[in-house]
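Survey of secondary and tertiary structure
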Amino acid sequence: MSHSAATSASLYARVQGADPEIASLLHAEWRRQEEGIELIASENQASAAVIEAMGSTLTNKYAEGYPGRRYYGGCEHVDRVEEIARDRLKTLFGAESANVQPSSGSQANQAAMLALIPPGATVLAMDLNHGGHLSHGHPKNASGIYYQFVHYGVQPDTERLDYDALRDQALEVKPALLMAGASAYSRTLDFERLAAIAREAGAKFMVDMAHIAGLVAGGQHPSPVPHADVVTMTTHKTLRGPRGGAIVCKKDWIKQVNSAVFPGIQGGPLMHVIAAKAIAFAEALQPSFAEYQARTVRNAAALAGGLQRHGYRLVSGGTDNHLMLVDLRAPGPGITGAEAEAALGRAHITVNKNLIPFDPETPMRASGIRIGTPAITTRGFGEADMETLAAWIDRVLRAPEDADVASEVGKAVRALCARHPIYPDYFA
Ligand code: DSN
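Residues numbered from 1 in each chain as written. Predicted model: local features only at pLDDT ≥ 70, side-chain atom pairs only at ≥ 80, totals over all residues. Heavy atoms only, no water.

**Some points on the packing of helix α13 (residues 337-346) against helix α15 (residues 383-398)**
For the pair α13 and α15, interaxial distance at closest approach is 9 Å and the crossing angle is 115°. Where α13 crosses over α15, the two elements pack in a sense that is right-handed. Between α13 and α15, the contacting residues are A340, A343 and L344 on the first element and I393, V396 and L397 on the second. Residue classes in the contact of α13 with α15 are distributed as six nonpolar, no polar and no charged. (Axes fitted to C-alpha atoms, helices over the stretch in contact; angles between N-to-C directions. Helix = DSSP H or I, 4+ residues; strand = E, 2+ residues; numbered from the N terminus. Left-handed = near helix turned anticlockwise from the far one by under 90°. Contact = heavy atoms within 4.5 Å. Nonpolar A, V, L, I, M, F, W, Y, C, P; charged D, E, K, R; others polar.)

**Examining the side chain of E38**
For E38, the location among the structural elements is in strand β1 (residues 37-38). There is no salt bridge for the buried E38, and the closest opposite charge comes from R32, which lies 4.1 Å off by N-O distance. Here the side chain of E38 touches I40 through a polar contact of 3.0 Å, landing on its backbone nitrogen. When near neighbours in sequence (up to four residues on either side) are disregarded, E38 contacts R32, E43, T350, G372, A375 and I376. (Buried < 20%, exposed > 50% of the residue type's maximum accessible area, 1.4 Å probe, protein only. Lys, Arg positive; Asp, Glu negative; His and termini not counted. Salt bridge = Lys/Arg side-chain N within 4 Å of Asp/Glu carboxyl O. Polar contact = N/O pair within 3.5 Å; in protein donor to acceptor, adjacent residues only side chain to side chain.)

**Here we look at the sheet that holds strand β5 (residues 122-126)**
The mixed open sheet is built from seven strands, whose spatial order is β4-β10-β9-β8-β7-β5-β6. The open sheet has two free edges, formed respectively by β4 (97-99) and β6 (148-152), since each of these has just one partner strand. Looking at each pair of strands side by side, their axes are set apart by 20° on average, direction ignored. Bridging between strand β8 (residues 204-208) and strand β9 (residues 230-234) involves three bridges; their strand directions are parallel. The residue bridging M206 from the neighbouring strand is V230, located in β9. Strands in contact with helix α5 (residues 105-116) are β6, β7 (177-180), β8, β9 and β10 (245-249); relative to β9, the strand with the most contacts, it is inclined by about 165°. (Pairing = 2+ DSSP bridges.)

**Notes on the packing of aromatic side chains**
Counted according to the given criterion, the structure contains three aromatic pairs. Ring plane angle 10° and centroid distance 5.1 Å describe the contact between Y62 and Y72, whose orientation is recorded as stacked. With Y62 in the loop between α3 (48-54) and β2 (65-66) and Y72 in the loop between β3 (69-70) and α4 (76-93), this residue pair connects regions lying ten residues apart in the sequence. One Lys or Arg, R240, reaches over the ring of Y292 and ends 4.1 Å from the middle of that ring. (Phe/Tyr/Trp six-rings, centres within 6.5 Å; stacked < 30°, edge-to-face > 60°. Lys NZ or Arg CZ within 6 Å of the ring centre and 35° of its normal.)

**Overview of the nonpolar core**
Formed by 53 residues in total, the largest nonpolar core has its most connected members in L89, F93, L178, F205, M209, M233 and L239. Considering every element that reaches this core, the biggest residue donor is helix α8 (residues 191-201), with six residues. Beyond its immediate sequence surroundings of up to four residues, F93 is in contact with M209, A213, V216, A217, V225, M233 and L239. Within the second largest apolar cluster, 35 residues are counted, among which are A302, L314, L344 and L397. (Core = buried A, V, L, I, M, F, W, Y, C linked by side-chain atoms within 4.5 Å.)

Below, the structure written as structure tokens:
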């Protein structure tokens, strides 16, 4: 698959005329994306239509407030854009209510907490070191500064959540809010069970489905929407839209959610991004999107199997979703995640170093890497390519300092990428 972008060549020409320095960096980044294998689990390639909408004149418009109730004149067109985006998002997830204004996942989370609980309240959420999210109570994140976070994690033996242990912890901690959702957890989350635990503990229940929103929309992961009070997401990961956030919730919460987003934590919404979100939601409503999500999961399973055949240990033994965590310690290649990230980067394969549960290393070194298949599936890689990819990753990680290996693998990577262009006419 590739995204055709008929008008972008002229848009680029205008950037080049105005600012050659930035234009050359735009070009370099486009080439990096075209010529490299993107395995960062939280990245994807939005359609050319989504990208075009983000470059539209809607960026000029102030629209503080909500459709029909703005603090500025001239909002008749952006009102329609926001209404369409909201309606499509509700349809996509079968949700009662939606807010499409959060500029990021972190801001969606901040707004959800502001809506659901008072400052200083206790929140039980997944530990970042076990695959959680930064904005779920890291001590240096606003969430951890303004709320009292207690964290749950995976079990040392299974490296999976144990819902009985989590129930015991919730009954002991008695949080005002139970949060679910992860950035590096390769197993299916049981939202029904989590909701029951929240109810029993007297907590509200919020899910951050940033990573799996596309899988949920495509029927590849159970939906949290029927079970949670509020569900936040990013729109740019598996959902494959523009960089941004969104919230869906029960109708009883929408007044609080709207007021928490604006004026709670944001001013003027990014209307050009909201237009792009509307386009992405329409794309996600197509049958081809569900098919794409199924391929993403199949590719992840194939890549996981390939790596295991090359002797790699995967956290929790594998994957149910779009990502996997690879433990690089001996008897694996015996290098850190940081070394692996750098070595693979030299071969045009992009991953991120990642802590594994109970990791003795620091986050900047880490014992593992996180690998995801959303982006390579978008550009059309299939299961047969996963076997090849596993072999390339293995070759690089067994000889991380070998410049010849990096160069040979890099050449093969570029050849495969050339057969799967993403935005072929973008700078044509
Ligand atoms: N930063 C995102 C990720 O890479 O998973 C999560 O918050």
